[in-house]
There are 2 protein chains.
Amino acid sequence: MSTAEEIAKAAKAAFEDSQLVQAEERVNALKYICDALEANKTAILAANTEDLKAAQVEVDAGRMSESLLKRLDLNKGDKWDSMLQGVLDVANLPDPTGIVSYAKELDDGLELYRVSCPIGVLLVIFEARPEVVVNIAALAIKSGNAPILKGGKESNATTQLLAQAIASGLAQSSLPSTYVQTIQTRAEVSSLLSLDKYIDLVIPRGSNSLVRSIQNNTRIPVMGHADGLCSVYLDESADLEKAVRVVVDSKTDYPSACNSTETLLVHESLVSTIWPKVAQALLAANVRLLCDGPTLSSIHSISPPPQNISLASPASPEAYTTEHLTLVLAVRAVPSLADAIKHINSHSSHHTDSIVTESQAAASAFVRGVDSAGTFVNASTRFADGFRYGFGTEVGISTGRIHSRGPVGLEGLVIYKYMLRSTGDKGHIVGEFGAGKKQYKHAQIANARLPF
Amino acid sequence: MSTAEEIAKAAKAAFEDSQLVQAEERVNALKYICDALEANKTAILAANTEDLKAAQVEVDAGRMSESLLKRLDLNKGDKWDSMLQGVLDVANLPDPTGIVSYAKELDDGLELYRVSCPIGVLLVIFEARPEVVVNIAALAIKSGNAPILKGGKESNATTQLLAQAIASGLAQSSLPSTYVQTIQTRAEVSSLLSLDKYIDLVIPRGSNSLVRSIQNNTRIPVMGHADGLCSVYLDESADLEKAVRVVVDSKTDYPSACNSTETLLVHESLVSTIWPKVAQALLAANVRLLCDGPTLSSIHSISPPPQNISLASPASPEAYTTEHLTLVLAVRAVPSLADAIKHINSHSSHHTDSIVTESQAAASAFVRGVDSAGTFVNASTRFADGFRYGFGTEVGISTGRIHSRGPVGLEGLVIYKYMLRSTGDKGHIVGEFGAGKKQYKHAQIANARLPF
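Chain A is annotated in an unreviewed UniProt entry as glutamate-5-semialdehyde dehydrogenase from Mycena chlorophos. Recorded under Pathway (unreviewed entry), the UniProt text for chain A is reproduced unchanged: "Amino-acid biosynthesis; L-proline biosynthesis; L-glutamate 5-semialdehyde from L-glutamate: step 2/2." What UniProt records for chain A under Sequence similarities (unreviewed entry) is the sentence "Belongs to the gamma-glutamyl phosphate reductase family."

See below:
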């Protein structure tokens with residue numbers, strides 16, 4: 001058993017060694033890993049069955065939820081195949097590294113290139129689903145980062161065999177076999193959080209409290225995948241059909257997802273026109289409505305009373321700051337677009353918010369004024385997702401505002417470095433530039449390709 | 001006197017309000033600020049003279065360094081004019097916000113745009129030079145961020161009047177006058193570091209210990225501008241003239257800058273060929289050489305003994321982990337390029353490192369294998385600088401690896417948000433996509449311009 005420091009050092013060494021390995025070799029490694037997983041499928045699924053049995057005991061004793069148990073299951077349906085397909089999909093995505101995003105000739109024969117490169121060593125902490133180990137390992141390998149992975153303790157047996165298969169796949173490639181490491185305990189996480197010399201980024205995927213507790217205990221930058229408190233605002237000029245469709249989809253398509261809507265704001269001019277129709281559609285879909293005075297009395301004046309009217313009740317102030325994650329929606333009337341923007345900026349989690357409007361001016365003010373990672377017009381908040389955005393895959397959804405914001409694809413796992421090359425006869429020195437001497441050219445290099 | 005929380009809340013409110021102000025108005029604000037500074041020049045320079053008098057007392061009592069006192073002086077030379085010119089230069093840079101970096105049609109009439117936008121509220125902590133208040137305020141305003149600025153206490157009188165002029169300039173614009181705020185005390189900084197609800201990024205410009213102490217005491221992301229321990233490596237195939245020029249410039253052009261070189265690594269095959277010439281040039285430039293055995297004995301076998309030979313002495317192990325910031329250079333022979341890369345990755349501060357080589361293969365391995373923000377070939381480490389890179393100006397040099405790395409220009413002060421717009425007849429909902437239903441198009445939108 002290695003200490004946390006040994007693990008972190010090994011990860012840094014593996015990362016540094018991997019910098020001289022060609023990017024194609026990372027793609028090969030992913031294919032070897034698929035083979036190794038397939039070769040060990042029986043043993044891995046047997047270990048998963050053991051994890052499930054142990055979890056069933058916890059569920060029966062009331063110490064674990066049924067939904068957590070379901071997420072542990074790697075035997076179910078096409079989960080295994082789609083896990084492997086996911087690795088191949090990642091392998092086939094474009095390489096996010098080696099991309100030149102800035103290229104200038106500073107002087108004759110002095111060229112500057114800003115080139116995308118991996119961040120380094122990632123500590124990724126995530127929930128129970130064992131296939132996430134494979135998923136995150138694939139993303140890290142593809143982007144050239146060396147990950148240390150901590151899954152949920154409920155899936156330890158499965159995770160250990162998955163990790164062994166990953167290591168044996170890596171062993172066939174030119175990447176170090178310690179390139180991907182897994183850890184099992186919270187104590188190891190705590191120790192690793194102090195090792196900012198070796199670890200470059202922590203990615204916690206879980207609750208707000210997990211993210212905050214990690215932020216409180218480390219100097220290492222944290223890319224948090226925390227909760228989502230999303231809103232829809234029905235503007236004065238909202239179209240009825242769009243309003244109903246967008247609100248119902250945003251709330252009911254998958255209520256436990258972070259991009260589901262938790263709050264509906266209604267312009268007060270719509271309280272007795274569009275709102276009653278939206279409310280009826282929501283009630284018919286079994287959505288509990290926590291309403292402020294105007295929106296509740298509007299429901300109560302619908303005649304005849306709508307289906308499921310008992311699901312509508314008064315909202316407490318906390319209703320507007322709660323991520324319900326179930327068929328519950330907080331509703332509030334607002335006197336203006338400006339008030340809607342203010343409410344969202346002070347109550348939402350800056351994840352994704354949508355306006356339903358026919359007004360270009362209102363749309364423009366909303367998408368600029370709402371300070372969230374996603375600002376949508378006439379579209380469901382459920383579109384906030386890396387696959388839907390076209391990234392091919394998703395590391396998570398960042399609720400932070402540094403480095404990556406919103407759905408994080410492979411691009412979110414890279415940074416850049418500056419490469420400067422002198423091809424001059426005598427090399428290049430700063431002392432030759434300045435007043436009365438050489439001046440910087442700063443000429444754009446068109447269609448720059450890395451000369452190294 | 002406002003509390004830290006009031007200051008932070010006011011900054012967040014000012015930031016949010018400013019999101020609906022057009023970018024051109026930020027340029028106007030910078031011009032109004034220039035006018036206000038010019039109108040208050042006499043009073044500001046008088047306050048600066050008071051700060052200098054108080055500082056002189058400290059210097060005389062041995063409690064402050066002469067160099068710190070010099071940096072306080074705003075009366076000296078063209079400092080005032082270049083401060084104002086700097087504001088106008090920033091005003092004239094291209095707007096870093098509103099730039100579309102990803103645009104896809106997800107479906108007919110459903111367009112996704114990734115658009116650069118400000119980060120939010122910045123807490124910037126910096127050293128004594130009072131003009132930095134104006135400099136940072138200009139960068140923040142141009143990029144749409146609301147800054148809270150803490151300068152050195154030695155320049156408090158000057159800073160307060162500069163801040164008043166900035167506020168009166170802002171008052172003439174449509175930006176809130178609380179858009180730029182200044183604070184005076186460390187206690188205020190401590191309180192602000194806990195307010196991650198309002199503050200989005202902390203930018204400490206100073207020592208490693210300042211950066212680390214801030215990282216230890218906040219959940220807010222930190223973009224550190226810390227020390228630089230840069231190296232030059234003379235490869236086996238190094239050209240003599242390039243070696244001498246690059247090493248001497250890297251060390252002596254401005255020894256107290258963070259991009260000056262502190263360590264020289266010499267391939268062992270050069271110890272009795274190129275190294276003695278480089279050593280002679282360094283000694284002639286009054287550089288103290290802290291050498292390992294081979295490089296020191298090589299100097300001692302030069303005949304006749306070089307000028308200033310007494311400046312060469314044995315290195316302690318700490319010599320290779322010290323940022324000397326003066327005319328001192330640690331020197332070590334290494335058996336291979338791989339060892340040079342390993343030494344740099346484990347000893348340098350990942351700021352900027354340079355190789356002198358005639359080999360394309362060695363250059364390629366070095367720029368990829370050295371894990372630093374800048375990896376240079378045949379060029380002085382002193383080129384690592386926002387102005388030289390062509391950014392027009394520089395917020396600082398980030399020694400972190402998240403968000404911005406190396407010299408940080410205006411681009412380093414922005415993030416992005418995703419704007420999604422449905423122009424479909426019925427709006428867009430996720431429930432209509434999936435197996436047997438609509439598929440995502442993910443078609444690139446060529447030359448995308450923001451439709452809002």
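From this point, the narrative continues.
A.B. asks: I tried to follow the packing of aromatic side chains on my own but got confused; where do I start?
C.D. replies: Describing an aromatic ring pair means giving the distance of the ring centres and the angle of the ring planes. By the definition in use, this model includes 18 aromatic pairs over all chains. Between the aromatic rings of Phe391 of chain A and Tyr102 of chain B, the centroid separation amounts to 5.3 Å while the plane-to-plane angle is 75°, which identifies the pairing as edge-to-face. In this pair, Phe391 of chain A is assigned in the loop between α15 (386–389) and β14 (396–398) and Tyr102 of chain B in strand β1 (residues 100–107), connecting two distinct chains. Both residues of the pair, Phe391 of chain A and Tyr102 of chain B, count as buried. Members of the aromatic cluster, connected to one another through ring pairs, are Tyr102, Tyr416 and Tyr418 of chain A together with Tyr389 and Phe391 of chain B. Taking NZ or CZ as reference, Arg114 of chain A lies 5.2 Å from the ring centre of Tyr416 of chain A, over its face. The ring of Phe452 of chain B is capped by Arg421 of chain B, whose NZ or CZ atom sits 6.0 Å from the centre of that ring.

A.B. asks: In this structure, what is going on with the nonpolar core? I would like to understand it.
C.D. replies: Within soluble globular proteins, side chains that are nonpolar generally end up buried alongside one another. Leu37 of chain A together with Leu37 of chain B are the most contacted members of the largest nonpolar core, which has 170 residues in total. Once residues lying within four places of it in the same chain are set aside, the contact partners of Leu37 of chain A are Ile44, Trp80, Met83, Leu84, Val134, Leu162 and Ala165 of chain A.

A.B. asks: Please clarify how the pattern of salt bridges should be interpreted in this entry.
C.D. replies: Side chains carrying opposite charge are able to pair once their charged atoms draw close together. All names here are of chain A. Tallied over the full model, the rule gives 47 salt bridges over all chains. Salt-bridge contacts for Arg219 lead to Asp196; the nearest nitrogen and oxygen are separated by 2.9 Å. Pair noted here: Arg219 is in the loop between α9 (208–216) and β7 (230–234) and Asp196 is in the loop between α8 (186–193) and β6 (201–204), with a separation of 23 residues, a long-range link. Between Lys242 and Glu358 there is a salt bridge whose closest N-O contact spans 2.9 Å.

A.B. asks: What is the right way to look at the interface of chain A and chain B in this model?
C.D. replies: The parts lose accessible area when they come together, and the size of an interface is often stated as this lost area. Residue-level contacts link 88 residues of chain A with 88 residues of chain B. Both faces combined, the contact of chain A with chain B buries some 7700 Å², and carbon together with sulfur accounts for 52% of it. Linking chain A with chain B are eleven salt bridges. In this structure, Asp200 of chain A engages Arg401 of chain B in a salt bridge whose closest nitrogen and oxygen atoms are separated by 3.5 Å. Where chain A meets chain B, there are 60 residue pairs in polar contact (both at pLDDT 80 or more). A breakdown of the residues in the side of chain A that touches chain B according to their chemical character gives 38 nonpolar, 23 polar and 27 charged. As defined by bridge partners, strand β13 (residues 374–377) of chain A adjoins strand β16 (residues 414–422) of chain B across four bridges and the pair is classed as parallel.

A.B. asks: I'm lost on the side chain of Asn259 of chain B in this one. Help?
C.D. replies: All names here are of chain B. With respect to the helices, strands and loops of the structure, Asn259 is situated in the loop between α10 (240–252) and β8 (261–267). What makes Asn259 buried here is its relative accessible area of 4%. Among the polar contacts made by the side chain of Asn259, one reaches the side chain of Arg382 at a distance of 2.8 Å. Other than its neighbours up to four places away in sequence, Asn259 contacts Cys230, His351, Thr381, Arg382, Ala384, Asp385 and Arg388.

A.B. asks: I keep staring at the relation of the copies chain A and chain B and nothing clicks. Help me out?
C.D. replies: In this structure, two copies of a chain are linked by a rotation about an axis accompanied by a shift along it. Note on the copies: chain A fits chain B at an RMSD of 0.0 Å, the axial shift is 0.0 Å, and the rotation between them is 180°. Expressed as a symmetry operation, the mapping of one chain copy onto the other fits a two-fold axis. Using C-alpha coordinates, one finds that chain A approaches the rotation axis most closely at His403 of chain A, a distance of 1.9 Å. In this assembly, 100% of the residues forming the interface of chain A have copies in chain B that are likewise at the interface, indicating an isologous arrangement.

A.B. asks: Honestly, a negative patch on the surface in this entry has me stumped. Any pointers?
C.D. replies: On the surface, Asp35, Glu38, Asp78 and Asp81 of chain A cluster together into a patch of negative charge. Here Glu38 of chain A is to be found in helix α2 (residues 23–39).

A.B. asks: Quick question: what am I supposed to make of the pairing of strand β8 (residues 261–267) of chain A here?
C.D. replies: The two faces of the sheet receive side chains in turn, since in a regular strand these alternate between them. Residues and elements named next belong to chain A. The element β8 is extensively covered by neighbouring structure, given that seven of its seven residues are classed as buried. Pairing geometry for β7 and β8, over five bridges, is parallel. Within the sheet, the bridge partner assigned to Tyr233 lies in β8 and is Leu265. In this fold, β7 hands off to helix α10 (residues 240–252), which returns the chain to β8; that crossover is right-handed.

A.B. asks: Looking at this structure, I do not really get helix α8 (residues 186–193) of chain B. What am I missing?
C.D. replies: Each turn of an α-helix holds 3.6 residues, which means side chains three or four residues apart point in the same direction. Residues and elements named next belong to chain B. Along α8, the residues that are buried comprise Glu188, Val189, Leu192 and Leu193. On an axial view of α8, the arc spanned by its buried residues comes to 135°, and they lie on one face. Across α8 from its buried face, at more than 90 degrees, point the exposed residues Ala187 and Ser190. Packing partners of the buried residues in α8 comprise α1 (4–18), β3 (121–125), β4 (146–150), β5 (181–183), β6 (201–204) and α9 (208–216).

A.B. asks: Which parts of the structure should I look at to understand the pairing of strand β3 (residues 121–125) of chain A?
C.D. replies: Residue and element names in this part refer to chain A. Counting buried residues along β3, five of its five residues qualify, which places the element largely inside the surrounding structure. Burial along β3 is two-sided: Val121, Leu123 and Ile125 and Leu122 and Val124, pointing in opposite directions, are all buried. Here β3 pairs with strand β4 (residues 146–150) via five bridges, running parallel. The residue bridging Leu122 from the neighbouring strand is Pro147, located in β4. Once the chain exits β3 it traverses helix α6 (residues 131–143) before rejoining the sheet at β4, and the crossover so formed is right-handed. Inspection of the sheet shows β3 paired to β6 by four bridges, in the parallel sense. Following the sheet pairing, Leu122 is matched in β6 by Leu201.

Here is what the cut-offs are and how they apply
- All chains use their own residue numbering, which begins from 1 and follows the written sequence.
- Following the order in which they are written, the chains are lettered starting with A and the ligands numbered starting with 1.
- Restriction of local features to residues with pLDDT of at least 70 applies here, the model being predicted, together with a cutoff of 80 or more for giving and counting side-chain atom pairs; totals for whole chains, interfaces and linings are based on all residues.
- As a convention, hydrogens and water are excluded, and side-chain values are obtained from all of the structure's heavy atoms.
- UniProt positions are given in the numbering used here, feature names are shortened, and annotations may be inferred rather than shown by experiment.
- Each Phe, Tyr or Trp ring (for Trp, its six-membered ring) is paired with any other whose centre lies within 6.5 Å, and the angle between the two planes then decides the class: stacked below 30 degrees, edge-to-face above 60, tilted in between.
- Runs of E in the DSSP output that reach at least two residues are strands. Runs of H or I that reach at least four are helices, and both are numbered from the N terminus.
- Classification of residues uses two cut-offs on accessible area relative to the type maximum, computed with a 1.4 Å probe and protein chains only: under 20% is buried, over 50% is exposed, and between them is partly exposed.
- Distance and angle both matter: a charge sits over a ring if NZ of Lys or CZ of Arg is within 6 Å of the ring centre and within 35 degrees of the ring normal.
- Side-chain atoms within 4.5 Å are what join buried Ala, Val, Leu, Ile, Met, Phe, Trp, Tyr and Cys residues into a set we call a nonpolar core.
- Residues are treated as being in contact if the distance between any of their heavy atoms lies within 4.5 Å.
- Here, a salt bridge means any side-chain nitrogen of Lys or Arg that lies within 4 Å of a carboxyl oxygen of Asp or Glu.
- Buried area adds together the accessible area that both of two parts lose upon being put together, with accessible area traced by a 1.4 Å probe.
- Within 3.5 Å is the distance limit for a polar contact, defined as a pair of N or O atoms, with the added protein rule that one can donate a hydrogen and the other accept it, and that residues adjacent in sequence qualify only through two side-chain atoms.
- Residue polarity is assigned by list, with Asp, Glu, Lys and Arg as charged and Ala, Val, Leu, Ile, Met, Phe, Trp, Tyr, Cys and Pro as nonpolar; anything else, Gly included, falls into the polar class.
- Pairing between two strands requires that DSSP report at least two bridges joining them.
- A least-squares superposition brings the copies together, and it is based on the C-alpha atoms of residues with pLDDT no lower than 70 in both.
- Nonpolar side chains (Val, Leu, Ile, Met, Phe, Trp, Tyr) are joined into patches within 5 Å and like charges within 9 Å, using only residues with over 30% relative accessible area and no salt bridge.
- Here the Shrake-Rupley method, with its probe set to 1.4 Å, supplies the accessible areas, and only the displayed protein chains count as covering residues.
- We treat Lys and Arg as the positive residues and Asp and Glu as the negative residues; His and chain ends play no part in the count.
- The location of each charge is read from NZ of Lys, CZ of Arg, CG of Asp or CD of Glu.
- By definition, the crossover connecting two strands over a helix is right-handed if that path, from the first strand to the second, turns clockwise as seen with the strands pointing away from the viewer.
- Regarding the arc, it is the one traced by the directions from the helix axis to the C-beta atoms.

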